[in-house]
Amino acid sequence: MEDFATIFERTKSEDWEKRRAALEILGRHNSRWEAPEIEAALEAAFEGLEDRECYVRRAAMGAAVRLSAISSEPKANNDKALELAFRLLKEDADEGVKGICLAAISELSPHGDEASLEVMRDYLSHSDDGVRKAALHAIGKVAIPGDATWKAAVIPLLADEEEEVRTAALSAMANLVLPTDQEGIDHVMKLTGREEEEQDVR
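Residues numbered from 1 in each chain as written. Predicted model: local features only at pLDDT ≥ 70, side-chain atom pairs only at ≥ 80, totals over all residues. Heavy atoms only, no water.

J.: Hey, could you go over the nonpolar core for me, with residue numbers and the actual values?
T.: Counting 58 residues, the largest nonpolar core has Met61, Leu102, Met120, Leu136, Ile139 and Val154 as the members making the most contacts within it. Counting residues per element, this core draws most heavily on helix α4 (residues 54-69), which supplies nine residues. Leave out the neighbours within four places in its chain, and Met120 touches Leu102, Ile105, Ser106, Ala135, Ala138, Ile139 and Val142. (Core = buried A, V, L, I, M, F, W, Y, C linked by side-chain atoms within 4.5 Å. Buried < 20%, exposed > 50% of the residue type's maximum accessible area, 1.4 Å probe, protein only. Helix = DSSP H or I, 4+ residues; strand = E, 2+ residues; numbered from the N terminus. Contact = heavy atoms within 4.5 Å.)

Encoded structure:
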């Protein structure tokens, strides 16, 4: 197994694939690392969010979320990671980065946080199906079960043209519909049954 210093040094490589791989390894972290190594890895992840290569930024965002949680100041670093995720989500042109930022926001936001949910809502209508799917997963994780506002936001995506988005919408609804919400359950079952009929026809 490579030592921390060797992995860390590759985050500064001229080869973007080495930078990405190093950040992915750092994000998984080794339980034998000491606090200073975790802090250095987290700083490398934050710096990686500014990388010119989108694949490095994707790896950096994932690493930042995981390392913030085990850092010496988890609250402050979670807040920093969340702020950076919001900024990248808005500014980064890469759909993969947007998807990972949505996942990061869902990990870092308090349950039921309306500000985060409102940001996620904007991406339910994104042109990229992967981004729509990520937004649905994020809403399903953060929204409080039974919240009519977010059930209403998700329902139209149950009829999305892309199957993976419809599946993500169904998963989100499963998290949002309470066992006592028979109307919501019936609505999901109706749309799910319609999709199964269309598949049988095809």
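Don't stop here, the text continues.
J.: Any chance you could break down helix α6 (residues 95-108) for me, citing the residues and the numbers?
T.: With 14 residues, α6 ought to run about 20 Å at 1.5 Å a step, and its terminal C-alpha atoms sit 20 Å apart, in line with that. Structurally, α6 contributes buried residues whose contacts are with α4, α5 (74-91), α7 (114-121) and α8 (129-142). Its side-chain oxygen at 3.1 Å from the backbone nitrogen of Gly96, Asp94 defines the N-terminal cap of α6. (Expected span 1.5 Å × (residues − 1). Polar contact = N/O pair within 3.5 Å; in protein donor to acceptor, adjacent residues only side chain to side chain.)

J.: An account of α7 is requested, with residue identities and associated values reported.
T.: Here α7 has its buried residues at Ser116, Leu117 and Met120. When α7 is viewed along its axis, its buried side chains cluster within an angular range of 100° and face the same direction. Of the surrounding secondary structure, the elements contacted by the buried residues of α7 are α5, α6, α8 and α9 (148-154). (Arc of directions from axis to C-beta.)

J.: Give a detailed account of the pattern of salt bridges, specifying residues and quantitative values.
T.: In the structure shown here, the tally under the stated rule is eleven salt bridges. With a closest N to O distance of 2.5 Å, Asp92 and Arg57 form a salt bridge. With Asp92 in the loop between α5 and α6 and Arg57 in helix α4, this residue pair connects regions lying 35 residues apart in the sequence. Judged by its relative accessible area of 7%, Asp92 is buried. Looking at Arg57, the relative accessible area reads 12%, which means it is buried. With a closest N to O distance of 3.1 Å, Glu118 and Arg121 form a salt bridge. Here Arg121 and Glu118 lie together in helix α7, a separation of three residues that amounts to about one turn. (Salt bridge = Lys/Arg side-chain N within 4 Å of Asp/Glu carboxyl O.)

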